[in-house]
Amino acid sequence: MRALIVLGGEAPGGALLKSCMRDADLTIAADSGLAAFDAAGLMPDLLVGDMDSVAPEVLSRYEGRLPEHRLSSIKDDTDGVDALDWAIARGATHITLLGALGGRLDHAMANVMLLVRAHEKGAQARILSETVRIARVDGEAVLSGAKGDTVSLVPLGEARGVTLTGFFYPLNDHTLTSDYPLGVSNVVTQDEATVSVAQGDLIMFHYYTAS
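Just so it is clear, the structure is predicted and the values come from calculations on it, not from any experiment.

1. Side note on the side chain of His206
Topologically, His206 is positioned in strand β13 (residues 199–207). Among the polar contacts listed, one links the side chain of His206 to the side chain of Asp149, at a separation of 2.7 Å. If we ignore the near neighbours within four places in the chain, the residues touching His206 are Thr131, Val132, Arg133, Leu143, Ala146, Asp149, Thr150 and Val151.

2. Details of helix α1 (residues 14–22)
Each α-helix winds once per 3.6 residues, and so residues spaced three or four apart point in a common direction. Among the residues of α1, those classed as buried are Leu16, Leu17, Cys20 and Met21. The arc that holds the buried residues of α1, viewed along the axis, is 130°, so those residues lie on one side. Residues of α1 that are exposed and angled more than 90 degrees away from the buried face: Ala15 and Arg22. Buried residues along α1 sit against β1 (2–6), β2 (26–30), α2 (34–39), β5 (94–98) and β6 (124–128).

3. Section: the environment of Val58
Along the polypeptide, Val58 turns up in helix α3 (residues 56–60). Between the C-alpha atoms of Val58 and Phe37, which are 21 residues apart in sequence, the distance is 10.0 Å. Setting aside residues up to four positions removed in sequence, Val58 forms contacts with Leu34, Ala35 and Asp38.

4. Considering the packing of aromatic side chains
Across all of its chains, the model carries one aromatic pair by this definition. One residue, Arg90, lies across the ring of Trp86, its end atom 3.7 Å from the ring centre.

5. Regarding unusual backbone geometry
We note that Asp173 has phi near 55°; this positive angle belongs to a residue other than glycine. By the secondary structure assignment, Asp173 is in strand β10 (residues 171–177). Here the phi dihedral of Ser185 falls at roughly 60°; this positive angle occurs in a residue that is not glycine. Of note, Ser185 is situated in the loop between β10 and β11 (186–187). By relative accessible area, which is 44% here, Ser185 ends up partly exposed.

Definitions and cut-offs
Every chain is numbered independently, its residues counted from 1 as its sequence is written. Only residues with pLDDT of at least 70 get local features here, since the model is predicted, and only at 80 or more are side-chain atom pairs given and counted; chain-wide, interface and lining totals rely on the full set of residues. No hydrogens and no water enter the side-chain calculation; it runs on all heavy atoms of the structure. A run of H or I in DSSP becomes a helix once it reaches four residues, and a run of E becomes a strand once it reaches two; helices and strands are each numbered from the N terminus. The term polar contact refers here to a pair of N or O atoms within 3.5 Å; inside protein, the definition further demands a hydrogen-donor-capable atom paired with an acceptor-capable atom, and it admits residues adjacent in sequence only when both atoms are side-chain atoms. Whether two residues touch is decided by their heavy atoms; if any such pair falls within 4.5 Å, the residues are in contact. Working definition: with a 1.4 Å probe on protein chains only, accessible area under 20% of the residue-type maximum means buried, over 50% means exposed, and in between means partly exposed. Summarising the geometry, the arc corresponds to the directions from the helix axis toward the C-beta atoms. In this analysis, rings of Phe, Tyr and Trp, with Trp reduced to its six-membered ring, are considered paired at centre separations within 6.5 Å, and the interplanar angle assigns stacked below 30 degrees, edge-to-face beyond 60, and tilted for intermediate values. Our definition puts a charge over a ring when NZ of Lys or CZ of Arg is within 6 Å of the ring centre and also within 35 degrees of the ring normal.

Following this line, the structure appears as structure tokens:
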């Protein structure tokens, strides 16, 4: 099952949101992520959060019409964690996160950590915006038709056995560590490029070539 979760960072444009909704079996707004649905005239399947950041006038338009999973404002989990866990508990195996970037840097970093959490729970997750796709590399990732695109690889901790083919800066069975940003700003040079990792959490940032 495919799930779409919209978080409260920089709101996705209507075209991206609608495209992702067409591919989703379940759609969730996490707190102020509801504003993106509202701006596009769309209705998610569920609203999750402590409602501390969604504008009252937006929330009022959905009260009584939209199922809610309301959280206490005193909690350990972020709204994103709860929304992710809720989706996985109900069978989601592929999860797209929108609105995960922009705003506070700590929130954006915490949202990137959700990609690892999803993996640990047996699901695949990705973060999308109009300019970048972020995903945890699960063994191997193949990039087709991405020649000229910029790709950055950032390990969370240590990533062993990293091999890159079809890039300006290739690697062969290399270990990337979080104290040296060697994997930042590589460029795809072939029609098909591959990123593989033997062990560890390796996060790939794929920036699309502007059209």
